[in-house]
Amino acid sequence: PAPAAAAPAPPPPAPAPAPVSTGVNIAPPGGFPGAAPVNADGTKAGPKRISKDFVPETPTRANTKPIYGAEIKPIDEPKNRFDTFQYPPITTDGMGICMFDGTLNQHRGHLQYRWEKYCGLRNAIDQNEGGLEKFSRGYETMGFTRDEAGITYREWAPGAKAACLFGDFNGWSTGAEGVWMTKNDFGVFEVFLPNNADGSPAIPHGTRVKIHLELEGQEPVDKIPAWIKFAVQAPDEIPFNGIYYDPPPEEQYQFKYARPKSPAELRIYEAHVGMSSIEPKINSYVEFADDVIPRIAQLGYNAVQLMAIQEHAYYASFGYHVTNFFAVSSRCGTPDELKYLIDTAHSYGLTVLMDIVHSHASSNSLDGINMFDGTNGQYFHDGPQGYHWMWDSRCFNYGNWEVIRFLLSNLRYWMEEFKFDGFRFDGVTSMMYSHHGLQMDFTGDYNEYFGMATDVDAMVYLMLANDMLHTLYEGHCITVAEDVSGMPALARPVSEGGVGFDYRLQMAIADKWIEVLSEWGDDYNWNMFDLVHCLENRRWGEKCISYAESHDQALVGDKTTAFWLMDKEMYDHMSTLTPDHPVITRGLALHKMIRQLTCCLGGEGYLNFMGNEFGHPEWIDFPRGDRVEASTGEFVPGNGNSYLLCRRRFDLVDMDHLRYKYLNAFDAAMHDVASRFKYLCGDHQYTSLKSDEDKMVVVERGDCVFVFNFHPVNSYTDYRIGLKHGGDWRLVLSSDNPEFGGYSNLWTCNCPAISSEEWEFNNRPASMMVYAPSRSVSVYAPVEAVRMNMGWA
């Protein structure tokens, strides 16, 4: 690029001039000096110029490239790669967290007890099960397994006195000719079914199976096997049936692409396959792979988090009331079709996380594992600790050996058989405390975390799970904890005595935005100090995932950010063919600002629920019929079992005349800047300005400087901001760009490089003057960093 004009000499030390207000989004007097910079050959040395009337292109498998920086490689994971694996021994004292956080020394006794229990369980597994790697492959011995000679079925049901396998394969017989099983001293029933005379398996692929259990002093029960790989609800039937799933080799999906390396800065697209269609129906894994994965890649997210993968009898539970832990949700397709989805995501370089539920299980005893062997405490605590009254679900007993085998094997199963790249652990707060966090207001007092109410067995299970996953899949597995309590050291390594998660969800931020939009009222009342405090308020050294909204805010009865901002006006004024509407203009501007502020200040990662990136106009309402609330007798009307509001209207963002395209384009640009500058994983974060008078916030993150002007009417020219160093700076993102629905007053295409001055300002060693339009965010980066990361300067 042509050399920039010499910067004027810095002014003498003096108070900075007051910024000039130029009204609502009006360019500074005289406009910007000079034309856009050009290269020597006359081509523009800057970002692509896009008009407000651009026509969106629907992302497809044919026109969408892998995400920025992706390394796409063929899969190389032989089945026997762990045969000679030596699990590393424990070499620390587990008290590193007390050095990291000295306050924890007050609870050193509790933490020492926890560490000793962890070490004891690790050693016991080594001595009795051949190590954690082998122990966590229970799915290779439990449930249905097949070799050349036939099928073996094993089931742990210590409370049952007899068990019989039955199904379509034997005419559902439980009589003398039934397939009765033998029980060992550990409560495991077993039976072997040799191949048929023609060499075919005794149980045909795709046929129904159940286990008939005879109980002491009770009526017999028929159950879906606890380790079943597939369960289906037949049309017009209420109960599910277990399915023996073992397709012939030619029908099995063969993975083609390797897992991507875990990204250093995690940006998650939270998605629900079933509701991802633009049509009012349950979408399929194949359709999601072909239609939605390209959208995620085009937006620039580097991870997709899949909800509701484990089978759940109640669709409206959002997948959180799991009935069959090893079974793929059959509503959306088969296990092999889910494998196709994950492999497709890997072909774009996307990390695939599973929203896994190990915090509780559905209380449904017909389809699930509750009361499996007729007892209340087989998999779960017996008594109040084993029941979550708010969720009407059962809570696991993490001190039980077979429960630990079941849950650790569940993690390995999804990692090995489906090539997931990690997990978002749901309901971790409920796991960690015997009170499950119910009616508990956590204040940050460490006594709330380390005492008699802490479920140490659950903590040890989580430590084992994280240690196993990060050891066996080092560099290719991410774990995220959903915790509202603020448990210290939750996201510190197990070797230090921490629980071992990579990230924790920063759940307070979404609540803060709801408070802002529902209670703060007039924009003039917005408190910049309060906002910034909430976004910055997290434990040092423990990475967080920030989000302005997740699936929780999209459910019926709540409101998304877009709906809080624009409400019913969205239905009448989102067309570009109609004049600007003040509610929509404000809503679009703040929607962009809220997301960028959350992303750049709220954590070391970012999350968005599908459709919210473009301001989806409808809430989520699962199909449901009328019902009577059992606890109160109250009549609760349904919605006629309609799927109309259980979908995502991606078609709206593809229409060139609807303003949804502006929010979608901004989201993509926001992620492009994040992926290129990688500021989320940088070691520098500093908020140099919080001004309630000007409604301004200035944030330094990595190499970038983010300038937010939340003022509803004032735009500022010659507004001085502090910088961490001098040099020339370029505008790399502006929410005022026309393709983002802005007014082109601060446009990346015609804003020249800005020379900073060695003038200390706001406790920063350098500063520069910028233009800050009303209700806008602008992002600046050093020219050299722009040249290196963006390819222009």
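Scroll up to find the structure this text is about.
Undergrad: Explain the overall build of the protein to me, please; I cannot follow it from the model alone.
TA: On a plain count of helices and strands, the protein comes out with 17 helices and 34 strands. Relative to the compact-globule value of 28 Å for 793 residues, the protein shows a C-alpha radius of gyration of 28 Å, a close match. With respect to the principal axes defined by its C-alpha atoms, the protein has extents near 95 × 60 × 60 Å. Taking all 793 residues of the protein together, 59% fall into the buried category. Sequence-distant contacts in the protein: of pairs separated by 6 or more residues, those separated by 24 or more amount to 74%. Approximately 30,600 Å² of the protein is accessible, and the part contributed by carbon and sulfur atoms is 52%. In the protein, 65 positive and 103 negative side-chain charges are present, and the distance between their average locations comes to 4 Å.

Undergrad: Please clarify how the environment of Gly422 should be interpreted in this entry.
TA: Here Gly422 shows up in strand S20 (residues 422-425). Along the primary structure Gly422 and Thr351 are separated by 71 residues, whereas in three dimensions their C-alpha atoms are 8.3 Å apart. Not counting residues within four places of it along the chain, the set of residues in contact with Gly422 comprises Val352, Leu353, Met354, Met415, Cys477 and Ile478.

Undergrad: Hey, could you run me through the sheet that holds strand S3 (residues 150-156) in this one?
TA: By way of backbone hydrogen bonds, the strands of a sheet pair with one another, either parallel or antiparallel. Reading across the sheet, the four strands line up as S2-S3-S7-S6 and stay open at both edges, with antiparallel pairing between neighbours. Lying at the two open borders of the sheet, with one neighbouring strand each, are strand S2 (143-146) and strand S6 (182-183). With seven bridges connecting them, S3 and strand S7 (residues 188-194) associate as antiparallel partners. Paired with Ile151 across the strands is Leu193, a residue of S7.

Undergrad: What is the right way to read the pattern of salt bridges from this model?
TA: Side-chain pairing between opposite charges can occur once the charged atoms of the two side chains come close. In total, this model carries 49 salt bridges according to the counting rule given. A salt bridge links Arg81 to Glu416; its shortest N-O distance comes to 2.5 Å. Of this pair, Arg81 sits in the loop between strand S1 (20-21) and helix H1 (96-100) while Glu416 sits in helix H6 (residues 401-418); the two residues are 335 residues apart in sequence, bridging distant segments of the chain. On the basis of relative accessibility, which here comes to 25%, the residue Arg81 falls in the partly exposed class. Its salt-bridge partner being Glu140, residue Arg137 comes within 2.8 Å of it at the nearest N-O pair. Each of Glu77, Arg81, Arg259, Glu416, Lys419 and Asp421 takes part in salt bridges that share partners, so that together they form one network.

Undergrad: Just checking my understanding: could you explain the nonpolar core for this structure?
TA: The nonpolar side chains of a soluble globular protein tend to be buried with one another. Leu306, Leu338, Tyr379, Trp414, Phe420, Phe425 and Tyr461 are the most contacted members of the largest nonpolar core, which has 199 residues in total. For this core, the element with the highest residue contribution is helix H8 (residues 456-472), accounting for 12 residues. In this structure Leu338 touches Tyr285, Leu306, Ile309, Val328, Trp414, Phe418 and Phe420, once residues within four positions along its chain are discounted. Formed by 20 residues, the second largest nonpolar core is a distinct cluster that contains Val705, Leu731, Ala766 and Tyr771.

Undergrad: Any chance you could explain the sheet that holds strand S28 (residues 696-701) here in plain terms?
TA: Ordered by their spatial adjacency, six strands build an open sheet running S27-S28-S29-S34-S31-S32, and the pairing between neighbours is antiparallel. The open sheet has two edge strands with one neighbour each: strand S27 (685-691) and strand S32 (754-755). Contacts from helix H17 (residues 783-790) reach strand S31 (728-734) and strand S34 (776-782) within the one sheet, and its direction differs from that of S34 by about 95°.

Undergrad: Any chance you could explain H6 here in plain terms?
TA: Owing to its 3.6 residues per turn, the α-helix aligns residues three or four sequence positions apart on the same side. Here H6 contains 18 residues, and its C-alpha end-to-end distance of 25 Å stays within 8% of the 26 Å for a straight helix at 1.5 Å per residue. Where H6 begins, one side-chain oxygen reaches toward the backbone nitrogen of Glu402, 2.9 Å away; that side chain belongs to Asn400. Positive backbone phi, at 65°, marks Lys419, one or two positions downstream of H6.

Undergrad: Just to check I follow, could you spell out the packing of aromatic side chains for this structure?
TA: In this structure the tally under the stated criterion is 52 aromatic pairs. A centroid spacing of 5.4 Å and a plane angle of 65° characterise the contact between Phe230 and Tyr245, whose relative ring orientation is edge-to-face. With Phe230 in the loop between strand S9 (221-223) and strand S10 (231-232) and Tyr245 in the loop between strand S11 (241-243) and strand S12 (266-272), the pair connects residues that are 15 residues apart, well separated along the chain. In this pair, the class of Phe230 matches that of Tyr245, namely buried. Between the NZ or CZ atom of Lys419 and the centre of the ring of Phe255, over which it lies, the distance is 5.8 Å.

Rules used in this analysis
Residues numbered from 1 in each chain as written. Predicted model: local features only at pLDDT ≥ 70, side-chain atom pairs only at ≥ 80, totals over all residues. Heavy atoms only, no water. Helix = DSSP H or I, 4+ residues; strand = E, 2+ residues; numbered from the N terminus. Rg over C-alpha atoms; globule rule 2.2 N^0.38 Å. Buried < 20%, exposed > 50% of the residue type's maximum accessible area, 1.4 Å probe, protein only. Contact = heavy atoms within 4.5 Å. Areas by Shrake-Rupley, 256 points an atom, 1.4 Å probe, with all protein chains shown as cover. Lys, Arg positive; Asp, Glu negative; His and termini not counted. Charge placed at Lys NZ, Arg CZ, Asp CG, Glu CD. Pairing = 2+ DSSP bridges. Salt bridge = Lys/Arg side-chain N within 4 Å of Asp/Glu carboxyl O. Core = buried A, V, L, I, M, F, W, Y, C linked by side-chain atoms within 4.5 Å. Axes fitted to C-alpha atoms, helices over the stretch in contact; angles between N-to-C directions. Expected span 1.5 Å × (residues − 1). Polar contact = N/O pair within 3.5 Å; in protein donor to acceptor, adjacent residues only side chain to side chain. Phe/Tyr/Trp six-rings, centres within 6.5 Å; stacked < 30°, edge-to-face > 60°. Lys NZ or Arg CZ within 6 Å of the ring centre and 35° of its normal.

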